[in-house]
Number of protein chains: 2
Amino acid sequence: MDIVDRLLLARLQVDATTPYATLGEEVGLSGAAAHERVRKLRERGVIRRTTVDVDPGAVGKAVLAFVMIEANTWMGGPETNAALRALPWVEEAHIVAGGASVLVKVRAAGTAELQDALREIFDLDGVTGTQTIVVLETFFERPVAVDA
Amino acid sequence: MDIVDRLLLARLQVDATTPYATLGEEVGLSGAAAHERVRKLRERGVIRRTTVDVDPGAVGKAVLAFVMIEANTWMGGPETNAALRALPWVEEAHIVAGGASVLVKVRAAGTAELQDALREIFDLDGVTGTQTIVVLETFFERPVAVDA
DNA sequence: AATGAAAAATTTTCCGC
DNA sequence: GCGGAAAATTTTTCATT
């Protein structure tokens, strides 16, 4: 992956609807060459998918929280993964080092729904406690820096 | 926003390269009508942008961490926002309730670069301390649930 | 790997309902 | 707001360097 690939990635992160001809111009390639580069980036899995960024508030998810989950069993297995995936409020789930075992990012309509989510998390096998950090304001959420 | 809009959003989150004709079929509309729906969702800001999801590992960001920042001044202002935005490692920044003032999601090439990021965070005005949670494994990171 | 051009498909516009 | 069709643009393929 050279600098041109990185430029293309950065550009597509900003607007993936940009025509290949325009992308090519911006990186000093023909449209066909830019297209071929992007095709390979997708093929190699560098680009995982093309998606739309949806405003959470507009779909009724007003509350964001991070929940640190403590457990008395190893939570790094596929069962925990699947159990967390099944919870619609959980947007991200990570196994972490430190006091907690798992850190999840949770989005809910309001505090009542957040409470529902927390109850479900509590009910997972091995969970002994949770610590919740409620977000008051999100400054920004942006794509991975590609530093081209 | 009715159920059709939500179906379209959910479908576009999975693959934003899907032709309007196909989207229309899947939600029971013509291609033109599906296109008009999506156009309005963009116009209203429900769809913020069309983007590509880049594999962080493929662009050399192997380490993920969450950093809770404690401060002795109010960090909710635009100066803090701008200062955090200027740090390339910071992927998300949130003002939070609880012991910490700010919670940031940081991605770095390795532990050395993570240390650089932490130093820069420490140097921000008002910061009195940080607590870092290092991610060992990411189960998943997915788009906002649209529950259609 | 890149280019220009042709071919195929899609996006976008527009009119009638 | 939706559907069908034309028009404009883009994606995709291909022969060549």
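Residues numbered from 1 in each chain as written. Chains lettered and ligands numbered in written order. Predicted model: local features only at pLDDT ≥ 70, side-chain atom pairs only at ≥ 80, totals over all residues. Heavy atoms only, no water.

Before going further, it helps to spend a moment on the overall build of chain A. Helices and strands together make up the secondary structure of chain A, namely five helices and five strands. Taken from the N to the C terminus, the helices and strands of chain A come in the order α-α-α-β-β-α-β-β-α-β. The C-alpha atoms of chain A give a radius of gyration of 20 Å, which is well past the 15 Å a tight globule of 148 residues would have. Each principal axis of the C-alpha distribution contributes one length, and for chain A these read about 55 × 35 × 25 Å. By residue count, 46% of the 148 residues in chain A fall in the buried class. Look at the contacts in chain A between residues 6 or more apart in sequence, and 65% of them connect residues 24 or more apart. A total accessible area of about 6,800 Å² is found for chain A, and carbon and sulfur atoms account for 52% of it. Mean positive and mean negative side-chain charge positions of chain A (15 and 21 charges, respectively) differ by 7 Å. (Helix = DSSP H or I, 4+ residues; strand = E, 2+ residues; numbered from the N terminus. Rg over C-alpha atoms; globule rule 2.2 N^0.38 Å. Buried < 20%, exposed > 50% of the residue type's maximum accessible area, 1.4 Å probe, protein only. Contact = heavy atoms within 4.5 Å. Areas by Shrake-Rupley, 256 points an atom, 1.4 Å probe, with all protein chains shown as cover. Lys, Arg positive; Asp, Glu negative; His and termini not counted. Charge placed at Lys NZ, Arg CZ, Asp CG, Glu CD.)

Moving on, we get to the protein's contact with DNA strand D. Around DNA strand D, the structure places A:Pro19, A:Tyr20, A:Ala32, A:His35, B:Leu29, B:Ser30, B:Ala32, B:Ala33, B:Arg37 and B:Lys40. Near-protein atoms of DNA strand D (within 4 Å) split between backbone and bases, with sugar and phosphate holding 81%. A distance of 2.6 Å is found between a phosphate oxygen of DNA strand D and a backbone nitrogen or oxygen belonging to B:Ser30. The set of elements that each furnish at least two residues to the surface near DNA strand D consists of helix H3 (31–43) of chain A together with helix H3 (31–43) of chain B. Broken down by element, the surface near DNA strand D gets its largest block of residues, four residues, from H3(B). (Near = heavy atom within 4 Å. Polar contact = N/O pair within 3.5 Å; in protein donor to acceptor, adjacent residues only side chain to side chain.)

With that out of the way, let us pick up the protein's contact with DNA strand C. For DNA strand C, the full set of nearby residues is A:Leu29, A:Ser30, A:Ala32, A:Ala33, A:Arg37, A:Lys40, B:Pro19, B:Tyr20 and B:His35. When the atoms of DNA strand C within 4 Å of the protein are grouped by moiety, sugar and phosphate amount to 81% of the total. One of the side-chain N or O atoms of A:Lys40 is found 3.3 Å from a phosphate oxygen in DNA strand C. Here a phosphate oxygen of DNA strand C sits 3.0 Å away from a polar atom, N or O, in the main chain of B:Tyr20. Top element by residues in the surface near DNA strand C is H3(A). It accounts for four residues. Class assignment for the residues of the surface near DNA strand C results in five nonpolar, two polar and two charged. (Nonpolar A, V, L, I, M, F, W, Y, C, P; charged D, E, K, R; others polar.)

When its domains are assigned, chain A resolves into domain 1 (3–43) and domain 2 (56–135). The gap between the C-alpha centroids of domain 1 of chain A and domain 2 of chain A is 37 Å. (Domains from an automatic or database assignment.)

Pairing between side chains of opposite charge can happen when their charged atoms approach one another. Inspection of the entire model under this criterion finds 36 salt bridges over all chains. Ionic pairing is found between A:Asp55 and B:Arg48, a salt bridge with its closest N-O pair at 3.2 Å. With A:Asp55 in the loop between strand S1 (47–54) and strand S2 (63–71) and B:Arg48 in strand S1 (residues 47–54), the pair connects residues from two separate chains. Since its relative accessible area comes to 23%, A:Asp55 is described here as partly exposed. (Salt bridge = Lys/Arg side-chain N within 4 Å of Asp/Glu carboxyl O.)

Strand pairs in the sheet, formed through backbone hydrogen bonds, run parallel or antiparallel to each other. If you trace the eight strands once around the closed barrel, you get S2(A)-S4(A)-S3(A)-S5(B)-S2(B)-S4(B)-S3(B)-S5(A), paired in antiparallel fashion. Averaged over all pairs of adjacent strands, the angle between strand axes in this sheet comes to 35 degrees, irrespective of strand direction. Pairing geometry for strand S5 (residues 127–141) of chain A and strand S3 (residues 90–96) of chain B, over five bridges, is antiparallel. Across the sheet, A:Thr138 pairs through a bridge with B:His94, a residue of S3(B). Helix H4 (residues 78–85) of chain B contacts S5 of chain A together with S3 and strand S4 (102–108) of chain B of the sheet and is inclined by roughly 100 degrees relative to S5(A). (Pairing = 2+ DSSP bridges. Axes fitted to C-alpha atoms, helices over the stretch in contact; angles between N-to-C directions.)

Below, the discussion takes up the pairing of S2(A). Residues and elements named next belong to chain A. Here S2 lies mainly inside the structure; seven of its nine residues are buried. Here S2 pairs with strand S4 (residues 102–108) via seven bridges, running antiparallel. By the bridge assignment, Ala 65 is partnered in S4 with Val 106. Taken together, the seven bridges between S2 and S5 define a ladder with antiparallel strand orientation. Following the sheet pairing, Phe 66 is matched in S5 by Ile 133.

All names here are of chain B. Spanning 12 residues, helix H1 (residues 3–14) covers 17 Å between terminal C-alpha atoms, matching the ideal 16 Å at 1.5 Å per step. For H1, the complete set of buried residues consists of Val 4, Asp 5, Arg 6, Leu 8, Leu 9, Leu 12 and Gln 13. Its side-chain oxygen placed 3.2 Å from the backbone nitrogen of Val 4, Asp 2 serves as the N-cap of H1. (Expected span 1.5 Å × (residues − 1).)

Note on placement: B:Thr50 falls in strand S1. A polar contact is formed between the side chain of B:Thr50 and the side chain of B:Arg42, at a distance of 2.7 Å. Those residues in contact with B:Thr50, other than ones at most four positions away along the chain, are A:Leu12, A:Gln13, A:Val14, A:Asp15, A:Ala16, A:Thr17, A:Thr50, A:Thr51, A:Val52, B:Ala16 and B:Arg42.

Here we come to the relation of the copies chain B and chain A. With an RMSD of 0.0 Å, the operation that places chain B on chain A is a rotation of 180 degrees combined with a shift of 0.0 Å along the axis. The operation mapping one copy onto its partner corresponds to a two-fold rotation axis. Taking the C-alpha atom as reference, chain B places B:Thr51 closest to the rotation axis, 2.7 Å from it. Take the interface residues of chain B: 100% of them recur as interface residues in chain A, which is what a same-surface contact looks like. (Least-squares fit on C-alpha atoms with pLDDT ≥ 70 in both.)

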